[in-house]
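Inside the fold
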Amino acid sequence: MTREFDFSRNTKIDLAQAAHFRCVRPGCNKPTHIYDPVAQKWKHAGAAAHDAPASPNEGGERADNNLTPEQKKAYGNGAWLCRTCSTVVDIAQRFFPLGTLPAWQAAACHALHESTLSPVQPSS
């Protein structure tokens, strides 16, 4: 199903790469990409989830009709989640108010950035 304001392929890739191909929901952190040695290719079980719904016809607690089509399709309106967490945030929107998903994405990316750039203590 293609929604009117769905993320572009590049935005989905940016969300996934920024999260190091892991679910950004706090407490989850599941890997979302698995290498299949038999098929010799990567398979993914992740999803770029919209904070404000992608379609103007989708309501729910996180609906924001003030966003432009470009804003709905933008990186800042999304988060990279495993399929389970993506489903949970869609069906239980009242537990995840508008702004929650981008905050998760930003926090996970910040933590990964910090851990990558932190100096490693020399071993003795």
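Remember, predicted model here, so these are calculated numbers, not experimental data.

Quick look at the packing of aromatic side chains now. On inspection of all chains with the given rule, the structure shows two aromatic pairs. Plain terms: the ring middles of Y35 and W42 are 5.5 Å apart, the flat faces sit at 65 degrees to each other, and that makes the pair edge-to-face.

As a volume, the largest pocket reaches approximately 150 Å³. As for the largest pocket, its lining consists of R9, K12, I13, A16, F21, H33, H44 and W80. The dominant element in the lining of the largest pocket, judged by the number of residues it contributes, is helix α1 (residues 9–18), at four residues. Here the residues of the lining of the largest pocket are counted per class, giving four nonpolar, two polar and two charged.

Summing up the model confidence of the protein chain, the mean pLDDT is 87 and the portion of residues at 70 or higher is 88%. The element-level mean pLDDT for the protein chain is lowest in helix α2 (residues 69–72), coming to 87, with strand β4 (residues 78–82) highest at 97.

This part is about the pattern of salt bridges. Scanning the model with the defined rule gives one salt bridge in all. Ionic pairing is found between D36 and K43, a salt bridge with its closest N-O pair at 2.9 Å. Given the relative accessible area of 41%, K43 is considered partly exposed.

Criteria and cut-off values
- Residues numbered from 1 in each chain as written.
- Predicted model: local features only at pLDDT ≥ 70, side-chain atom pairs only at ≥ 80, totals over all residues.
- Heavy atoms only, no water.
- Phe/Tyr/Trp six-rings, centres within 6.5 Å; stacked < 30°, edge-to-face > 60°.
- 1 Å grid on protein atoms, 1.4 Å probe; cavity = no way out; pocket = protein on both sides within 12 Å on 5 of 7 lines; lining within 4 Å.
- Points joined across faces, edges and corners; volume = space filled by probe spheres on them.
- Helix = DSSP H or I, 4+ residues; strand = E, 2+ residues; numbered from the N terminus.
- Nonpolar A, V, L, I, M, F, W, Y, C, P; charged D, E, K, R; others polar.
- pLDDT = per-residue confidence, 0-100.
- Salt bridge = Lys/Arg side-chain N within 4 Å of Asp/Glu carboxyl O.
- Buried < 20%, exposed > 50% of the residue type's maximum accessible area, 1.4 Å probe, protein only.

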